[in-house]
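For reference, the chains in residue letters:
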Amino acid sequence: MRMTLAVHPEQYTIHSFSPNAVLPSEVFVQDMYFIGKTQEGLSLVISSEVKLDSLEQEPGWCCFEVLGPLGFSMTGILSKVSGTLADEQISIFAISTFDTDYILVKKNRLKSAVAALKKQGYHIIESKDEV
């Protein structure tokens, strides 16, 4: 099966907050955001256009979406993508949802990531609009 990945046009920022932080309502009206919370902290991935006052932030991430939905019985998808990128020394930030996986890479590594994935047989589209 040939896997298809869509590159989102926007850039994202990864924010770090204290675990008891209250996020502004602006977060919850965005088309896409991801929140993860542990006892140590709260992480938020959101469009870089949204400016937030966080403890730390890492801007400049681009997003690949594994086009799905992916069934829970499908195995190794994230492992294969991350392994391909690791072989090229490309760091990732991975997020999984009920339906699919998202792999974020730094903007300055996007072209290398696309080339590496294509070389391994992945179909890459520049926008979900091309589907």
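Residues numbered from 1 in each chain as written. Predicted model: local features only at pLDDT ≥ 70, side-chain atom pairs only at ≥ 80, totals over all residues. Heavy atoms only, no water.

### Observations concerning the pairing of strand 6 (residues 101-106)
- Of all the six residues making up strand 6, five are buried; the element is thus mostly covered by neighbouring parts of the structure.
- Pairing of strand 4 (residues 56-66) with strand 6 involves five bridges; the strand directions are antiparallel. Bridging across to strand 6, E65 finds its partner in Y102.
- One ladder, built from four bridges, connects strand 5 (residues 93-96) with strand 6; its direction is antiparallel. Counterpart to F93 in the pairing with strand 6 is L104. (Buried < 20%, exposed > 50% of the residue type's maximum accessible area, 1.4 Å probe, protein only. Helix = DSSP H or I, 4+ residues; strand = E, 2+ residues; numbered from the N terminus. Pairing = 2+ DSSP bridges.)

### Side note on the pairing of strand 3 (residues 42-47)
- Burial within strand 3 is extensive, with five of its six residues counted as buried.
- Bridging between strand 1 (residues 4-17) and strand 3 involves six bridges; their strand directions are antiparallel. When the sheet's bridge partners are listed, T13 is paired in strand 3 with I46.
- With five bridges connecting them, strand 2 (residues 33-37) and strand 3 associate as antiparallel partners. By the bridge assignment, G36 is partnered in strand 3 with S43.
- What sits between strand 2 and strand 3 in their antiparallel hairpin is a turn of four residues.

### A closer look at helix 1 (residues 77-87)
- Within helix 1, the full set of buried residues consists of I77, V81, T84 and L85. Each buried residue of helix 1 lies within a common arc of 95° when the element is viewed along its axis, so the set occupies one face. Relative to its buried face, helix 1 has exposed residues pointing more than 90 degrees away, namely S79 and D87.
- Buried residues belonging to helix 1 abut strand 4, strand 6 and helix 2 (110-119).
- The first or second residue beyond helix 1 is Q89, which carries a positive phi of 60°. (Arc of directions from axis to C-beta. Contact = heavy atoms within 4.5 Å.)

### As for the pattern of salt bridges
- The full count for this structure, using the stated rule, is one salt bridge.
- In this structure, K106 engages E58 in a salt bridge whose closest nitrogen and oxygen atoms are separated by 2.7 Å. Linking K106 in strand 6 with E58 in strand 4, this pair joins segments that are 48 residues apart in sequence.
- A residue is classified by how much of its surface remains accessible, and E58, at 37% relative accessible area, is partly exposed. (Salt bridge = Lys/Arg side-chain N within 4 Å of Asp/Glu carboxyl O.)

### Let's talk about the nonpolar core
- L5, F64, L85, V105, L117 and I124 are the most contacted members of the largest nonpolar core, which has 18 residues in total.
- Secondary-structure elements contributing two or more residues to this core are strand 1, strand 4, helix 1, strand 6 and helix 2.
- The dominant element in this core, judged by the number of residues it contributes, is helix 2, at four residues.
- Leaving out residues up to four positions away in the same chain, L85 has contacts with I90, I92, I103, V105, A113 and L117.
- Within the second largest apolar cluster, 10 residues are counted, among which are M32, F34, V45 and W61. (Core = buried A, V, L, I, M, F, W, Y, C linked by side-chain atoms within 4.5 Å.)

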